[in-house]
Each structure stands twice: as structure tokens, then as C-alpha cells.
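Spelled out, the chains give:
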Amino acid sequence: MMEACVEYDYPEGAVPEMPEVRCYTVDDLMVILQCGRRAVYELLKRKEFRYIKISRIGYRISKKSFDEWLDKQGC
């Protein structure tokens, strides 16, 4: 069953604000750290920062926790 599109009443030319990003994905960390997937999973395994696993969707890494960890690395 197809759902109807919801229309919002924004002023002409206005762009709705995106919610603040609070989590990174494994792919995000690969780009930020310029490393491979295996290296990111190793960091997750060592519990270097906070994350959750969402069933088949994958991991979501706390942006705050990761950013604090990265700052401590002296990069």
C-alpha cells in the first residue's frame, strides 16, 4: 500500500532544517579516519568509544564520544 505524501507549509524558498547529526556510521568513520572497514571494527571491538548496534542496519557510533576520543589522539 502506498502512503500519501505529506505536504508542509514552508514559506517560499525556505529549506527545512536537518536534525543535528548525533551518530556516525562505520562508513563515516572510514572517511574521517581514512582507514578501512576492518580498522573501524577493531576500534569498536576495543570499545574505544560508545556505539550501539541496530539489528541488521548496522552500528551507530556516538558522535560526541568519537569526537572526544579523536581529540585525545593528538591528531
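These figures come from a predicted structure and were not determined experimentally.

Student: How should the sheet that holds strand 1 (residues 23-24) be read in this particular structure?
Tutor: Pairing between the strands of a sheet comes from backbone hydrogen bonds, and it takes one of two forms, parallel or antiparallel. The sheet built from three strands is open, its strands ordered 1-3-2 with antiparallel pairing. Among the strands making up the open sheet, the edge pair consists of strand 1 and strand 2 (51-54). Summarising the sheet, strand 2 and strand 3 (residues 58-62) pair through four bridges and their orientation is antiparallel. By the bridge assignment for strand 3, isoleucine 52 is matched with arginine 60.

Student: Got a minute to help me understand the packing of aromatic side chains in this structure?
Tutor: Think of a pair of aromatic rings as described by two things: how far the centres are apart, and how the planes are tilted against each other in angle. Counting across every chain of the model gives six aromatic pairs. Here tyrosine 51 and tyrosine 59 contribute two aromatic rings whose centre-to-centre distance is 5.4 Å and whose plane-to-plane angle is 70°, an arrangement assigned as edge-to-face. Classification of tyrosine 51 as partly exposed rests on a relative accessible area of 30%. For tyrosine 59, a relative accessible area of 21% puts it in the partly exposed group. Linked through ring pairs, Tyr24, Phe49, Phe66 and Trp69 together constitute an aromatic cluster.

Rules behind the numbers
Residues numbered from 1 in each chain as written. Predicted model: local features only at pLDDT ≥ 70, side-chain atom pairs only at ≥ 80, totals over all residues. Heavy atoms only, no water. Pairing = 2+ DSSP bridges. Helix = DSSP H or I, 4+ residues; strand = E, 2+ residues; numbered from the N terminus. Phe/Tyr/Trp six-rings, centres within 6.5 Å; stacked < 30°, edge-to-face > 60°. Buried < 20%, exposed > 50% of the residue type's maximum accessible area, 1.4 Å probe, protein only.

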